[in-house]
Amino acid sequence: MAPLHLLLRLLAVTAVALAEDPYIFDTWNVNYASLSPLGAPQQVITINGKFPGPRINCTSNNNIVINVFNNLDEPLLFTWNGIQQRKNSWQEGLPGTTCPIPPGTNYTYKFQVKDQIGSYFYYPTTALHRAAGGYGPLDVHSRALIPVPFDWPEAEYNVLAGDWYPKGHVSLKKLLDTGRSLGRPEGVVINGKGGGGNGSNEPMFFMASGKTYRYRFCNVGMKNSINVRIQGHTMKLVELEGSHTVQNVYDSLDIHLGQCYSVLVTANQTPKDYFLVASTRFTKEPLSTTAIIRYNGSNIPAAAEIPKPPEGWLWSLSQFRSFRWNLTASAARPNPQGSYHYGKINITRTIRIVNSASTVDGKLRYAINGVSHTNPDTPLKLAEYFGVADKLFKYDTIKDEPTPESENVITLAPNVMNATFRNFVEIIFENHEKSIQSWHLSGYSFFPVAIEPGRWAPEKRKNYNLIDAVSRHTIQVYPGCWAAIMTTLDNAGMWNLRSMTLERQYLGQQLYISVLSPEKSLRDEYALPPGQLLCGIVKNMPIPADVYH
């Protein structure tokens, strides 16, 4: 018989091996409230009485369980912008994957932040609810055993900044539904407030002299890129959309729609108040607001002179090119995050995407390669799972290469693209318009290997960064430019590629990518979760047997 101490050690190892990753539970009550982000009362979506909503503060591999009570008068969904939902597009929270939560009912989201770190945010995806708030921060920390490439900061601050419309989401939705545009936002908010630009002298953040703080910036706006800067201080970039970066120092940062950056700021100036400034970019008349950072114990007001933003998109392009992946840092696993040599993998498919705008029956629509996406009453993923996809949509309505007519002629249809599991694909975004675009791919991180002026051609690949492009999930495309990204489609499910501009997304500038495992194995994709909401034509259908095994 083995010695007792060896048996105890074996039992301990077995217990650790069988133990699940930790769980984080929360309950959200979603309501309307009358708040004044820009000074005048309007209807805002709150979570547990807060706007922005509660912070999801978790660690890599944690299981997140959130019971959402929908107290609104409309169906509701939330998405977790940038969280990859490995094998679990059921929890993605988009109209193409998930039935919305009916008013007066609740639904429990269950997902894991598997092998991820970094700064993210959540927001509602139904109707135009995002224009009413309902968003909040989602921070994923490294596990205790995984070193991070900087000293632990004194404190962390989430800065959710973006443009804002005071009209209310119902009025804005009516504008789009009747064929018009949302027009220009009327202000910028930081953490739901107009800040110092709205006459407030109350500090939003505090720092102690000599200490270093982590600021997690996210652009939660609806139309514009923003620039953030801190009066009298520099910012050291340490993380970008879930990846540690080479730690360059910046006076200001351009943050495009849907993007999140983490910076370290050291309180090394004279103790007093300082303005944190957020202003729109690439607009004729920039909108701006401020929040006050106060050194502890100080009663000296901030200087009146606000640091000016940079000018032009070429400056922004230059900044993008300065971002580099930190190849020596660990990520969510105990190996260098740069050990994935994406530049040595052969491309199996190239998809070229051109965004366009036109009118259909006198109403404004936005499209990808000539197809403007529409959501049927039944989520596309559920229709596929129940075997009734042919009743709702056709695969590959668009081709991998746009036609000359696709920029002028728009077709309305569910836009679903078939993709091969584990293929390594190249996606090219061409922006032929005069406004900047921002694109998000759910379910994956990708490598943005180039942004350049003009039109893309195969010979442009010689200019790609095939060594240390930052792994991320959102990419901007400047006017008259193209951007190239690369990713491995190794996450089975139905995933959304969308414009992060709210009106463009709502009016069709998105598509879904169906990535099916040929073995239909539970190893590759989770089965339909128990208690999953059903709606549309599958509402009363029996759950299919043995879809995945």
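Residues numbered from 1 in each chain as written. Predicted model: local features only at pLDDT ≥ 70, side-chain atom pairs only at ≥ 80, totals over all residues. Heavy atoms only, no water.

## Digging into the overall build of the protein
- The helix and strand tally for the protein stands at 5 helices and 32 strands.
- Taking 2.2 N^0.38 as the reference for a compact globule, 549 residues should give roughly 24 Å; the C-alpha atoms of the protein span a radius of gyration of 23 Å, in line with that estimate.
- By its C-alpha atoms, the protein is 85 × 70 × 55 Å across when sized along the principal axes.
- Relative to its full complement of 549 residues, the protein shows a buried share of 57%.
- Here the protein has roughly 22,200 Å² of accessible surface; of this, 54% comes from carbon and sulfur atoms.
- Within the protein, one finds 50 positive and 44 negative side-chain charges whose respective centroids are separated by 1 Å. (Helix = DSSP H or I, 4+ residues; strand = E, 2+ residues; numbered from the N terminus. Rg over C-alpha atoms; globule rule 2.2 N^0.38 Å. Buried < 20%, exposed > 50% of the residue type's maximum accessible area, 1.4 Å probe, protein only. Areas by Shrake-Rupley, 256 points an atom, 1.4 Å probe, with all protein chains shown as cover. Lys, Arg positive; Asp, Glu negative; His and termini not counted. Charge placed at Lys NZ, Arg CZ, Asp CG, Glu CD.)

## Description of the sheet that holds strand β31 (residues 493-499)
- If you trace the 5 strands from one edge of the open sheet to the other, you get β25-β32-β31-β27-β29, paired in mixed fashion. A strand with exactly one partner marks an edge of an open sheet, and here the two such strands are β25 (416-420) and β29 (474-477). Going across the sheet, the axis of each strand differs from the next one's by a mean of 20 degrees, ignoring polarity. (Pairing = 2+ DSSP bridges. Axes fitted to C-alpha atoms, helices over the stretch in contact; angles between N-to-C directions.)

## Considerations on the sheet that holds strand β1 (residues 23-35)
- Across the sheet, which stays open at both edges, the 4 strands sit in the order β2-β1-β4-β6 with mixed pairing between neighbours. The outermost strands of the open sheet, each flanked by one partner alone, are β2 (42-47) and β6 (106-112). For this sheet, the mean angle separating the axes of adjacent strands, direction not counted, is 20 degrees.
- The pairing of β1 with β2 spans 6 bridges and is classified as antiparallel. Bridge pairing in β2 places serine 34 opposite glutamine 43.

## Brief notes about helix α3 (residues 313-322)
- Every buried residue belonging to α3 is among Ser316, Leu317, Gln319 and Phe320, and all of these are buried. Buried residues of α3 fall within an arc of 160 degrees about the axis and therefore sit on the same side.
- Next to the buried residues of α3 lie β16 (249-250), β17 (252-255), β28 (447-453) and β29. (Arc of directions from axis to C-beta. Contact = heavy atoms within 4.5 Å.)

## Notes on the state of the cysteines
- Following the criterion strictly, the structure yields 2 disulfides and no others.
- Across a sulfur-sulfur distance of 2.1 Å, cysteine 99 and cysteine 535 are joined as a disulfide pair. Disulfide cysteine 99 to cysteine 535: torsion about the S-S bond roughly -90 degrees, handedness left-handed. Of this pair, cysteine 99 sits in the loop between β5 (78-81) and β6 while cysteine 535 sits in the segment after β32 (510-516), and the two are 436 residues apart along the sequence. (Disulfide = S-S within 2.5 Å.)

## Regarding helix α2 (residues 169-177)
- Among all positions of α2, only His169, Leu172, Leu175 and Leu176 are buried. One face of α2 carries all of its buried residues, which in axial projection span an arc of 120 degrees. When the buried face of α2 is taken as reference, the exposed residues oriented beyond 90 degrees from it are Val170 and Lys174.
- Where α2 is buried, its residues touch β1, β2 and α5 (502-506).
- Two residues or fewer past α2, glycine 179 is found with a positive phi of approximately 95 degrees.

## Looking at the pattern of salt bridges
- Throughout the structure, instances matching the rule amount to 23 salt bridges.
- Ionic pairing is found between arginine 349 and aspartate 400, a salt bridge with its closest N-O pair at 2.8 Å. Of the two residues, arginine 349 is situated in strand β21 (residues 349-360) and aspartate 400 in the loop between α4 (380-385) and β24 (411-413); the sequence distance between them amounts to 51 residues.
- Accessibility expressed as a relative area gives 24% for aspartate 400, which makes it partly exposed.
- A salt bridge links lysine 381 to glutamate 525; the nearest nitrogen and oxygen atoms lie 2.6 Å apart. Of the two residues, lysine 381 is situated in helix α4 and glutamate 525 in the segment after β32; the sequence distance between them amounts to 144 residues. (Salt bridge = Lys/Arg side-chain N within 4 Å of Asp/Glu carboxyl O.)

## Examining unusual backbone geometry
- The omega angle of the peptide bond from phenylalanine 51 to proline 52 is -5 degrees, so this bond is cis rather than trans.
- Along the chain, proline 52 turns up in the loop between β2 and β3 (56-59).

## Description of the side chain of histidine 233
- Along the polypeptide, histidine 233 turns up in the loop between β13 (226-230) and β14 (235-240).
- At 2.8 Å, the side chain of histidine 233 and the backbone oxygen of glutamine 231 are in polar contact.
- In contact with histidine 233, not counting residues within four places along its chain, are Met207, Asp251, Val265, Thr266, Ala267, Asn268, Gln269, Tyr274 and Tyr295. (Polar contact = N/O pair within 3.5 Å; in protein donor to acceptor, adjacent residues only side chain to side chain.)

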